[in-house]
Amino acid sequence: MAIGAAARRGRTPGTAARPRRLGLPVLRGIYWLVIGLLYLPIAVLLVFSLNANTVLAFPLRGFTLEWYERLLSTPALLNAVRNSLVVAGVSSVAATALGTGVAILVSRFQFRGRSALAGLAILPLLVPYVVLAAALFVVFNALGVTLSLGTVAVAHAVVALPYTTLIILARLVAAEPQLEEAAMDLGASYPTTLRLVVLPLAAPAIAAAWITAFTVSFDEVALAVFLAGRDQTFPVYLLGQLRFAQTTPVLVAAAVLLMGGTLTLILLADRIRRRRP
Amino acid sequence: MTTGIASKPPGEATRGRRLDPRRGTFWALSIPSWLVVSLLLVGPLALMVAFSFRPDMRGALLAPFEPSLRQFEQIAESGAYLRLLGTSALMALAVATIATLAAYPVAYFLVFRAGRRAALYLVLLLVPFWTSYVLRVAAWKVMLGSDGVINTALLGLGVIGEPLDALLYNRTAVIVTLVYVWIPFASLPILAALGRIDIRLHEAAADLYASPFEQFRRVTLPLSLPGIAAAFLMVFIPTVGEYVTPLLVGGTGGSMYGNTIYSFFSRAANWPLGSALSTVMLLVTVGLVLVGLRIVRPRRLLGT
Amino acid sequence: MRPKGFPGHVRGSVVLAIAGLVSACGGASPSTAPTTGPTVGPPAGTPSAAPTEVPPDQVTGSLVVLDWSGYEVEDFWRDFKDTYANVDVAFEFGISDADIYGKMKGGSQADVFHPYTGWLQFYVDEGLVEEIDTSKLANWDAVPDSFKALGQFNGKQYFVPWDWGFTSILYRTDHIASVDSWAVLFDEQYRGHLSMWDDGPGAVTVSSYIHGYDETAITDEQLAAIKAEWTAQAPLNLTYWASEADLIPLVEAGDVWAAYAWQGAYATALADGAPVAYANPTEGRNSWVGVYGIRAGTPNSDLALRFLDAKLGEATGNSLVNLYYYGSSNADVMAAITDETLKQAFSIDDPSILETTNFTPNLTADQRDAWTAMWEEIKASQ
């Protein structure tokens, strides 16, 4: 049917019908300008990670791989990176799941407390993380909960919730409910409808929400400082090491490696996807 | 264009009288959502507000205490904190507006022009945020500093005679940096909203002889308003309490309200005053958002 | 005060300072003080087992230490690690004195923690720290009396000093010929090229040095005057700095000409070839000391005490000195250092510096609240 075709077409990002001629070169230019600005500091970091100087300043002193060598033999740093990856992975999944749930509730149901739920889901944006961190610290200690990466992950899921909710909500709100009603008229239960109609429609938004939640968690420091217990996440480790000016280039090398590794993975994934028929 | 569930096609009116067949799902989704927000958010928030009424840090933190308005009195007497809150709110307004405007073309590009690589392009936007923010800003400072790339280039080209001091350590530097940081995130809700626009609407508009600009103005833009609203909120609200960027590039004149709160927690160990400042910020920001929503009339935006 | 970045490739500077300090202030322990203790057979320098039945390497248990990032490295608890091989030591981290204090107040279960002078009174007043039985510390005699006194309150020993260093004015000799006073931070002719540490008590300290106020008894009028002068000073800064990694690039690039700075910044900039000098102001330099304390109510008091004792050990002290180039509170460690490289760079040979050095006093909670609030108002009104 035309509706289905349109829906399917609209679902895949980038293949929505093009409103004609709205300045493709200009748009492309804006995108790449933004990308350039985003990656410029990373390029600078790359340069400094190979620079034989402990301070991030020009003029450059000379090429060296010393910082990368030291990086690989600093277990505390490597552990911190691993911890961050784990925490971000777990919390982003939780935040996305919760955000999807809230978005569906708010956009598809009428109930008392609907505005309240939406407001509460967005409320973490209003609270400075350091305040939430201190409060959670006191609460967890009072309840006898051991502080660990788990408590950090929980806190991260809460603070990422506004982002996931807003992104998925923006998508679900614009979508019409007729498809779901049609599916239910055809005999599908609501869970099945969600699974087969709503979630696929929202899939790009859910993916975007997940990446956002991951990013929010990975770079977050205030909550991790308070709630991490024995295991440091990468930003906390960085913060602690900044006191020691000598270790700065090693930290820079770590950031560059992380970036390089991630970019490589993504470009690989893209290459694989393009090879598939 | 109607959105949300408030509107039902005619003839469906009878459906509401029977039990909503979706109620199982409703409860399955509701219970975790409410549990999480109340235990992990409302609880600590209530604690924070309670702390605001604490006279000082003495004694066990969870022990009962004599409530006192001392912290709020101090804030009112000082005047400086409230003025800073006002300035921070204005800065946040500027950042949110510019970032949302700049993010729109990015989102538009990704949805309508990026083709099959849209997912890749989207991820490319976000990946830089997996480097430490502190290090990235350090790199920016190097570029903007008096010895940095920009000044060296301008000096070399003879455009300026002396290094520019004004690129760093002031309020403008804070706003510019914040806008730059927020653009990728702000593009996400807009992207989510744009992606759902039905192609037949564009075809219909074209059939009615609408120019591309009119297509945009009368079809695309209104349909993407929920995304724009979401993006604006997502940027504005946390920026009022922002502290990391002002700390790094604000110098002495660019500090924001969030810096004061952060300092009272992490440098002064004065949680009651920090909490009181946070409570004030919470009330003011919620107030601003509610007023703003009233002006923009959310019914059409969020389908409420 | 708070810990600082360690001096770069500079050796022995603070070491020699301690040696000088010991002799100049007439520290009770002669430089050949033996490490005494009940003879249980361990080699000299290791903490002796307090009268218990169990030999050290069979002691089991676990200990949690709340410390600053970097000190979890085994070199900094080498003596404990080597002696008590079966004790599990885990670290929790704090990023500032306020953070550590907040965590201890907020219910941290750490057994041992590491604050700095200026913040110690609060732990005592709030009952967060346990008294230390110094008779059980084998290495206690190696600590100079002046350092021991820093950890004493109401006649009782609550803290064991461990690391220390200086604060003074770091300046670029190519822009400023010489700096004789802390007042250079207020000098209008250096507008836009100064940098102060982002800390209220630090600002009050500087003002007290300049005007001769009694730091432990600042009156309301004095505080108002201090607030006024630092409000006027704020625009003179290029920026405040929060960590040495912020300050050092600015000094090395020549953007900052004079700054309130810890010794680590000086040493690093010097080693990187910048034309810098570290002032000996007429009012005297400042000195800060880091200490370890035992959390009140910990079930691991005995282990914690052994940990503190081991911290004073020679291997640990040597690591502190050689790896981080901080001073150690163990006078023997200091006296045993022979490296002369930067004696000259730090003017360590000049005992008058040490005689005029002011140790950071401990704040009361009211002072802390008043001085930090003053500072935040100054910053908020810019």
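The rules we used
- Residues numbered from 1 in each chain as written.
- Chains lettered and ligands numbered in written order.
- Predicted model: local features only at pLDDT ≥ 70, side-chain atom pairs only at ≥ 80, totals over all residues.
- Helix = DSSP H or I, 4+ residues; strand = E, 2+ residues; numbered from the N terminus.
- Contact = placed C-beta atoms within 7 Å.
- Buried ≥ 20, exposed ≤ 12 C-beta atoms within 10 Å, placed from the backbone.
- Nonpolar A, V, L, I, M, F, W, Y, C, P; charged D, E, K, R; others polar.
- Domains from an automatic or database assignment.
- Expected span 1.5 Å × (residues − 1).
- Core = buried A, V, L, I, M, F, W, Y, C linked by C-beta atoms within 7 Å.
- Pairing = 2+ DSSP bridges.
- Right-handed = clockwise from strand over helix to strand, strands pointing away.
- pLDDT = per-residue confidence, 0-100.
- Axes fitted to C-alpha atoms, helices over the stretch in contact; angles between N-to-C directions.
- Parallel < 35°, antiparallel > 145°, perpendicular 65-115°, else oblique.
- Left-handed = near helix turned anticlockwise from the far one by under 90°.

1. Comments concerning the overall build of chain A
Scanning chain A from N- to C-terminus turns up twelve helices and zero strands. Secondary structure of chain A in N-to-C order comes out as α-α-α-α-α-α-α-α-α-α-α-α. Contacts in chain A between residues far apart in sequence, at least 24 positions, make up 78% of those at least 6 positions apart.

2. Description of the overall build of chain B
Across its full length, chain B holds 13 helices and zero strands. Listed by position from the N terminus, the elements making up chain B come as α-α-α-α-α-α-α-α-α-α-α-α-α. Among the 304 residues that make up chain B, the fraction classed as buried is 53%. Counting only contacts in chain B whose residues sit at least 6 apart along the sequence, the fraction spanning at least 24 positions is 72%.

3. Here's the deal with the interface of chain C and chain B
By a widely used convention, the size of an interface equals the accessible area lost when the partners come together. Between chain C and chain B, the contact holds 30 residues from the first and 29 residues from the second. Of all the secondary-structure elements, those providing two or more residues to the side of chain C that touches chain B are α3 (97-105) and α14 (365-380) of chain C. Among the elements that line the side of chain C that touches chain B, the one with the most residues is α14(C), at nine residues. Along the lines of polarity and charge, the residues of the side of chain C that touches chain B split into twelve nonpolar, nine polar and nine charged.

4. Quick notes on the environment of Val256(A)
Residues and elements named next belong to chain A. Within the fold, valine 256 resides in helix α12 (residues 248-275). In this structure the C-alpha to C-alpha distance between valine 256 and glycine 29, which are 227 residues apart in sequence, comes to 26 Å. Excluding residues within four positions of it along the chain, valine 256 makes contact with Leu45, Leu46 and Ser49.

5. With respect to the domain arrangement of chain A
Examined at the domain level, chain A breaks down into domain 1 (79-243) and domain 2 (245-277). Its C-alpha centre places domain 1 of chain A at a distance of 25 Å from the equivalent point of domain 2 of chain A.

6. Considering helix α6 (residues 200-211) of chain C
Residues and elements named next belong to chain C. The end-to-end C-alpha distance of α6, which contains twelve residues, comes to 17 Å, matching closely the 16 Å that a straight helix rising 1.5 Å per residue would cover. Of all the twelve residues making up α6, ten are buried; the element is thus mostly covered by neighbouring parts of the structure. For α6, every residue scored as buried is listed here: Gly200, Pro201, Gly202, Ala203, Val204, Thr205, Val206, Ser207, Ser208 and Tyr209. Of the surrounding elements, those touching the buried residues of α6 are α7 (220-233), β8 (258-262), β10 (286-294), β12 (358-359) and α14. Two residues or fewer past α6, glycine 212 is found with a positive phi of approximately 75°.

7. Section: the environment of Ile95(C)
Within the fold, Ile95(C) resides in the loop between β2 (87-94) and α3. Judged by C-beta crowding, with 22 C-beta atoms within 10 Å, Ile95(C) ranks as buried. When the C-alpha positions of Ile95(C) and Ser69(C) are compared, they lie 7.4 Å apart, and in sequence the two are 26 residues distant. Among all residues touching Ile95(C), those that are not within four sequence positions of it are Val225(A), Leu239(A), Gly240(A) and Ser266(B).

8. Focus: the nonpolar core
Judged by nonpolar contacts, the single largest core of 306 residues is most densely connected at Ala133(A), Leu223(A), Leu227(A), Ile169(C), Leu170(C) and Val251(C). Looking at this core element by element, the count peaks at 19 residues for helix α7 (residues 149-174) of chain A. Apart from residues no more than four positions distant in its own chain, Leu223(A) is found in contact with Tyr129(A), Leu132(A), Ala133(A), Val152(A), Ala155(A), His156(A) and Val159(A).

9. Comments concerning unusual backbone geometry
Although it is not a glycine, Tyr169(B) sits at a positive phi angle of roughly 60°. Topologically, Tyr169(B) is positioned in the loop between α6 (149-156) and α7 (171-194). Classification of Tyr169(B) by C-beta neighbours within 10 Å gives buried; the count is 26. You will see that Asn154(C), though not glycine, has its phi angle at about 50°, which is positive.

10. What to know about the interface of chain B and chain A
With 105 residues of chain B at the contact, the number on the chain A side is 92 residues. By residue number, the principal contributor to the side of chain B that touches chain A is helix α1 (residues 23-52) of chain B, which donates 15 residues. Here the residues of the side of chain B that touches chain A are counted per class, giving 72 nonpolar, 24 polar and nine charged.

11. Quick look at the pairing of strand β1 (residues 61-68) of chain C
All names here are of chain C. β1 sits mainly inside the fold: six of its eight residues count as buried. Where β1 meets β2, eight bridges bridge the pair, whose relative direction is parallel. The partner of leucine 66 across the bridge, within β2, is glutamate 92. Since β1 and β2 lie parallel, the crossover through helix α2 (residues 78-83) that links them has a hand, and here it is right-handed. Inspection of the sheet shows β1 paired to strand β3 (residues 112-113) by two bridges, in the parallel sense. When the bridges of β3 are listed, valine 65 appears paired with valine 112.

12. Digging into the confidence of the model for chain B
Residues and elements named next belong to chain B. For chain B, the average pLDDT comes to 81, and 90% of its residues sit at 70 or higher. A low-confidence stretch, residues 1-15 (pLDDT under 50), is modelled with 17 contacts involving residues beyond four sequence positions or located in other chains. Two summary scores accompany this predicted model of the complex, namely pTM at 0.81 and ipTM at 0.80.

13. Observations regarding helix α10 (residues 301-311) of chain C
Residues three or four positions apart in an α-helix share a direction because the helix packs 3.6 residues into each turn. Within α10(C), nine of the eleven residues are buried, which leaves it mostly tucked inside the rest of the structure. Among the residues of α10(C), Leu303(C), Ala304(C), Leu305(C), Arg306(C), Phe307(C), Leu308(C), Asp309(C), Ala310(C) and Lys311(C) are the ones counted as buried.

14. Structural notes on the environment of Arg196(B)
All names here are of chain B. On the secondary structure map, arginine 196 appears in the loop between α7 and α8 (199-207). C-beta crowding within 10 Å serves as the criterion here: with 26 such atoms nearby, arginine 196 is assigned to the buried category. Separated by 27 residues in the primary sequence, arginine 196 and leucine 223 place their C-alpha atoms 8.8 Å from one another.

15. Here's the deal with the pairing of β8(C)
Residues and elements named next belong to chain C. Counting buried positions over the five residues of β8 gives five, a clear majority of the element. Note that strand β6 (residues 159-172) and β8 share five bridges and pair antiparallel. Its bridge partner being in β8, serine 168 is matched across the sheet by alanine 261. Two strands pair when backbone bridges link them, and strand β7 (residues 194-195) and β8 are joined in this way by two bridges, in the parallel orientation. Opposite serine 195, over in β8, you have alanine 259 as the bridge partner.

16. What to know about the packing of α6(C) against α7(C)
For any two helices packed against each other, one specifies the crossing angle of their axes together with the interaxial distance. Residue and element names in this part refer to chain C. Contact geometry for α6 and α7: axes closest at 10 Å, N-to-C directions at 105°. Taken together, α6 and α7 sit at an angle that is classed as roughly perpendicular. Listed contacts from α7 to Ala203, Val204 and Ser207 of α6 are Ile226, Glu229 and Trp230.

17. Structural notes on the packing of helix α9 (residues 190-218) of chain A against α7(B)
Relative orientation of the contacting elements α9(A) and α7(B) amounts to 165°, with a least axis distance of 10 Å. One finds that α9(A) runs roughly antiparallel with respect to α7(B). In the crossing of α9(A) with α7(B), the sense of the turn from one axis to the other is left-handed. Along its contact with α9(A), which presents Ala205(A), Ala208(A) and Thr212(A), the element α7(B) presents Phe185(B), Leu188(B), Leu191(B) and Ala192(B).

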